[in-house]
2 protein chains.
Amino acid sequence: MKLIGIDLGGTEIKAGLVDEDKGLLKKTSRPTEVYKGPDKIVENIYEVVKSLSPDLDIDAIGIGSPGSIDRKKGIVRFSPNFPEWHDFKLSKKLNKLTNKDVFVENDANSFTLGEWYFGKAKGMKNFVAITLGTGVGSGVVTHGVFMTGNDGIGAELGHIVVIPNGPLCGCGNRGCLESIASAKSVARHAKELAIRYPDSLVLKMAQTIENIESKHVFKAFEQGDYLAKTVVQDTIDAMARAFGAYIHIFNPEMIVVGGGMSKAGETLFKPLRERVKKYIMRSFIDTYRIEQSDLVENAGILGAASAAIFQTREEK
Amino acid sequence: MKLIGIDLGGTEIKAGLVDEDKGLLKKTSRPTEVYKGPDKIVENIYEVVKSLSPDLDIDAIGIGSPGSIDRKKGIVRFSPNFPEWHDFKLSKKLNKLTNKDVFVENDANSFTLGEWYFGKAKGMKNFVAITLGTGVGSGVVTHGVFMTGNDGIGAELGHIVVIPNGPLCGCGNRGCLESIASAKSVARHAKELAIRYPDSLVLKMAQTIENIESKHVFKAFEQGDYLAKTVVQDTIDAMARAFGAYIHIFNPEMIVVGGGMSKAGETLFKPLRERVKKYIMRSFIDTYRIEQSDLVENAGILGAASAAIFQTREEK
């Protein structure tokens, strides 16, 4: 199959021409121009599609978007990046312009499918995929089935409670993994502590408290900074507890981790792997691997293309 | 299909003749006589089989047993009730006597399959089954697949951490659901508190601290006993946190709960259902039911028979 994958962000549309067997063939991007309104965004997507394949010599188009997506109908119910989109029939609108099948999928599902078709979990029957971005996204393949549950809203691994009565999470609960291990939460935790540690490297790197991001925390951690150590150790312990749960529940071959925060690489993964061992039963030792995604900047495009492959197959 | 289901306990062998469509036709039991050695146990099972179906007019035999079972090979790796059994070829031994297919399955898997074929979750594509017995057993059907994971050891929902650094669990970790919400843990918690509350109803019912069981705690809870309230509320909160996780993860249609402690009925289920709402995101409200198993005393027999049905089908 030949596809176009669209990674639809609030500021940029990233797109690529993807061959199912050969992977990413070429890619491009352009500004999303959210301020010009919904229909202009669809036109911008169309423009990007045509620039990648002028005669539309493709089988389908996949779009990965944050927010709540009705994947069966190709509707964006709502999305934080596109405040004007309410039940927006994205699939139908782009289909009118291109006359191609258009599939829309949320970014966590796209990421999981991308890992399944193009990433480290390629072809695996049992794996868990986690994205550590602004939030914590996740997906599961178990016994070769892409698991979404009875209403298609499951696999929310970021909303299991790892610290009872912990920090307030966006979902309304307290102490969910997302409230501790997302890039946003790591930054928030560091900001809170920065007031007490004004000489921390984190603050030197970020210059002001408001500017602190998770990447500053991980860089300072590498250099032994005390504030950073506190934050990273708490984060890793919460993650390890959640990963332990995933291992007991799914007995997966692999947990593959992507998203902005995963770029910390071995600084994050080495202590995480060690810590996870503390939270699993003996019988699970050496049954799994915890790996950093290697799709990197193309994860969004390949994920979107994968959603189109998956939905084309599923429908048949 | 016509089957014999064997619920193999340390003191008693419970067995039933089961018709796939009509359910349990008749049942019987006899002492296990563990002290007479492994081969005598197999003979005792054979005797029970013949008493239920003298001409062995059955399609297969299913055996449900606690412990670590190699279901593919029908081997009991080890079982707390049968200290002499190490890699015991139970399936092969009974097959020699009966010339019938014999399938062995651990009790948590049997319970789940029993609920799927004969219980409240009959025919469901997405449900979670939990037994609150001495330990916490569990099983999952997701998208119509009986989920066991890459090595067949997954669905260990009792070993997710619900209280970090909580009580020591049999698995070596701390604060697992099993360390708080099993009958054994409830009794242990009550015993610890009984020293401080010598006038508690729990102690009056049990007469001595050593005799305290989870059923005393739930009975005293109904009568407003302070000690019992403390224990039950902690237990329910831990269970609710775990159930919230299962709902986010599997988006199941039902969580069906069995095992000795589930006999507390609405005393347990009513506050549990209320508490679970605290731990789920808005989008999951009204997507699931939490139900008490109605297989009761026959759960073991029907579960064992179901394991035989499932494995017969799976093999074909």
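Residues numbered from 1 in each chain as written. Chains lettered and ligands numbered in written order. Predicted model: local features only at pLDDT ≥ 70, side-chain atom pairs only at ≥ 80, totals over all residues. Heavy atoms only, no water.

Asker: Looking at this model, I keep getting lost on the domain arrangement of chain A. Mind explaining?
Answerer: Where interface size is given, it is often the accessible area lost as the parts come together that is meant. Assigned domains of chain A: these are domain 1 (2-107 + 298-315) and domain 2 (122-294). Here domain 1 of chain A and domain 2 of chain A have C-alpha centroids that lie 28 Å from each other. (Domains from an automatic or database assignment.)

Asker: I'm lost on the relation of the copies chain A and chain B in this one. Help?
Answerer: For these two chain copies, the linking operation is a rotation about an axis paired with a shift along it. Under the fitted operation, chain A is carried onto chain B by 0.0 Å of movement along the axis and a turn of 180°, and the coordinates agree to an RMSD of 0.0 Å. On the angle and the small slide along the axis, the relation comes out as a two-fold axis. Closest approach to the rotation axis within chain A is made by the C-alpha atom of A:Val162, at a distance of 3.5 Å. A shared binding surface is used by both copies, with 100% of the interface residues of chain A retained as interface residues in chain B. (Least-squares fit on C-alpha atoms with pLDDT ≥ 70 in both. Contact = heavy atoms within 4.5 Å.)

Asker: Can you help me understand the nonpolar core in this one?
Answerer: Within soluble globular proteins, side chains that are nonpolar generally end up buried alongside one another. By size, the foremost hydrophobic cluster in this structure holds 115 residues, and its most contacted members are A:Phe243, A:Tyr246, A:Phe250, B:Phe243, B:Tyr246 and B:Phe250. Within the second largest apolar cluster, 27 residues are counted, among which are A:Leu17, A:Val76, A:Phe82 and A:Trp85. (Core = buried A, V, L, I, M, F, W, Y, C linked by side-chain atoms within 4.5 Å. Buried < 20%, exposed > 50% of the residue type's maximum accessible area, 1.4 Å probe, protein only.)

Asker: What am I meant to see in the interface of chain A and chain B here?
Answerer: At the junction of the two partners, chain A supplies 38 residues and chain B supplies 38 residues. For the interface between chain A and chain B, the tally reads zero salt bridges. Summed over the shared surface of chain A and chain B, the result is 22 residue pairs in polar contact (both at pLDDT 80 or more). Elements with a contribution of two residues or more to the side of chain A that touches chain B: strand 10 (145-147) and helix 8 (226-250) of chain A. Of the residues in the side of chain A that touches chain B, the class split is 19 nonpolar, 14 polar and five charged. (Salt bridge = Lys/Arg side-chain N within 4 Å of Asp/Glu carboxyl O. Polar contact = N/O pair within 3.5 Å; in protein donor to acceptor, adjacent residues only side chain to side chain. Helix = DSSP H or I, 4+ residues; strand = E, 2+ residues; numbered from the N terminus. Nonpolar A, V, L, I, M, F, W, Y, C, P; charged D, E, K, R; others polar.)

Asker: I'm lost on the sheet that holds strand 7 (residues 101-106) of chain A in this one. Help?
Answerer: Backbone-to-backbone hydrogen bonds pair the strands of a sheet. The strands run either parallel or antiparallel. Residues and elements named next belong to chain A. Pairing in this open sheet of five strands is mixed, and the strands run 3-2-1-4-7 from one edge to the other. Each having just a single partner strand, strand 3 (23-31) and strand 7 make up the two edges of the open sheet. Here the strands of the sheet are splayed against their neighbours by 20° on average, with no regard to which way each runs. One ladder, built from seven bridges, connects strand 1 (residues 2-8) with strand 2 (residues 12-19); its direction is antiparallel. (Pairing = 2+ DSSP bridges. Axes fitted to C-alpha atoms, helices over the stretch in contact; angles between N-to-C directions.)

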